[in-house]
Amino acid sequence: MKAIVDRQTCTGCELCVGTCAEVFKMEGDVAIAYTDPVPKEVETSCQQAADDCPVNAIIIE
Ligand code: SF4
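Below: a short report on this structure.

Cut-offs and rules
- Residues numbered from 1 in each chain as written.
- Predicted model: local features only at pLDDT ≥ 70, side-chain atom pairs only at ≥ 80, totals over all residues.
- Heavy atoms only, no water.
- Near = heavy atom within 4 Å.
- Nonpolar A, V, L, I, M, F, W, Y, C, P; charged D, E, K, R; others polar.
- Helix = DSSP H or I, 4+ residues; strand = E, 2+ residues; numbered from the N terminus.
- Buried < 20%, exposed > 50% of the residue type's maximum accessible area, 1.4 Å probe, protein only.
- Contact = heavy atoms within 4.5 Å.
- Arc of directions from axis to C-beta.
- Polar contact = N/O pair within 3.5 Å; in protein donor to acceptor, adjacent residues only side chain to side chain.
- Core = buried A, V, L, I, M, F, W, Y, C linked by side-chain atoms within 4.5 Å.
- Phe/Tyr/Trp six-rings, centres within 6.5 Å; stacked < 30°, edge-to-face > 60°.
- Lys NZ or Arg CZ within 6 Å of the ring centre and 35° of its normal.

A word on the site of the ligand
Inspection of the region around the ligand gives 13 residues, with Cys-10, Cys-13, Glu-14, Cys-16 and Cys-53 positioned closest. Counted by class, the shell around the ligand contains ten nonpolar, two polar and one charged residues.

See below:
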């Protein structure tokens, strides 16, 4: 699994960082996914973060 944050769409609400800090962190005003690939043990919380993103800025591949 790979997670990508669309920087143009992200509003910087930090929700994904709260849900899955193992994958997402803030970089300036937007979140980034800093682990590639997503570690197996956090795939569920990573998917949850993507599902919960209010502007659908997280792309899962
Ligand atoms: S939840 Fe979505 S909008 Fe909020 S910081 Fe994460 S990627 Fe950006």
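Overview of the environment of Cys-10
Locating Cys-10 in the fold gives a position in the loop between strand S1 (3–5) and helix H1 (15–19). On the accessibility criterion, Cys-10 (16% relative accessible area) is buried. In the structure, Cys-10 is positioned 28 residues away from Val-38 in sequence and 19 Å away in space, judged by C-alpha atoms. Sequence-distant contacts of Cys-10, that is, excluding residues within four places in its chain, are made with Val-5, Val-30, Ala-31, Val-55 and Ala-57.

Quick word on helix H2 (residues 43–52)
Because each turn of an α-helix spans 3.6 residues, side chains separated by three or four positions in sequence point in the same direction. Along H2, the residues classified as buried are Cys-46, Ala-49 and Ala-50. Around the axis of H2, the buried residues are gathered within 100° of arc, so they sit on the same side. Away from the buried face of H2 by more than 90 degrees, exposed residues Thr-44 and Asp-51 are located. Elements in contact with the buried residues of H2: S1, H1, strand S2 (24–27) and strand S4 (58–60).

Examining the side chain of Thr-35
Along the chain, Thr-35 turns up in the loop between strand S3 (30–33) and H2. Here the side chain of Thr-35 touches Glu-22 through a polar contact of 3.5 Å, landing on its backbone oxygen. Filtering out sequence-adjacent residues up to four positions away, Thr-35 remains in contact with Glu-22 and Val-23.

Quick word on the nonpolar core
Judged by nonpolar contacts, the single largest core of 17 residues is most densely connected at Cys-20, Val-23, Phe-24, Cys-46 and Ile-58. Counting only elements with at least two residues in this core, the list comes to S1, S3 and H2. A per-element tally of this core places H2 first, with three residues. The residues touching Cys-20, leaving out its near neighbours within four places in the chain, are Val-42, Ser-45, Cys-46 and Ala-49.

Looking at the packing of aromatic side chains
Evaluation of the coordinates by the stated rule reveals zero aromatic pairs. In this arrangement the basic side chain of Lys-25 is found over the ring face of Tyr-34, its NZ or CZ atom lying 5.0 Å from the centre.

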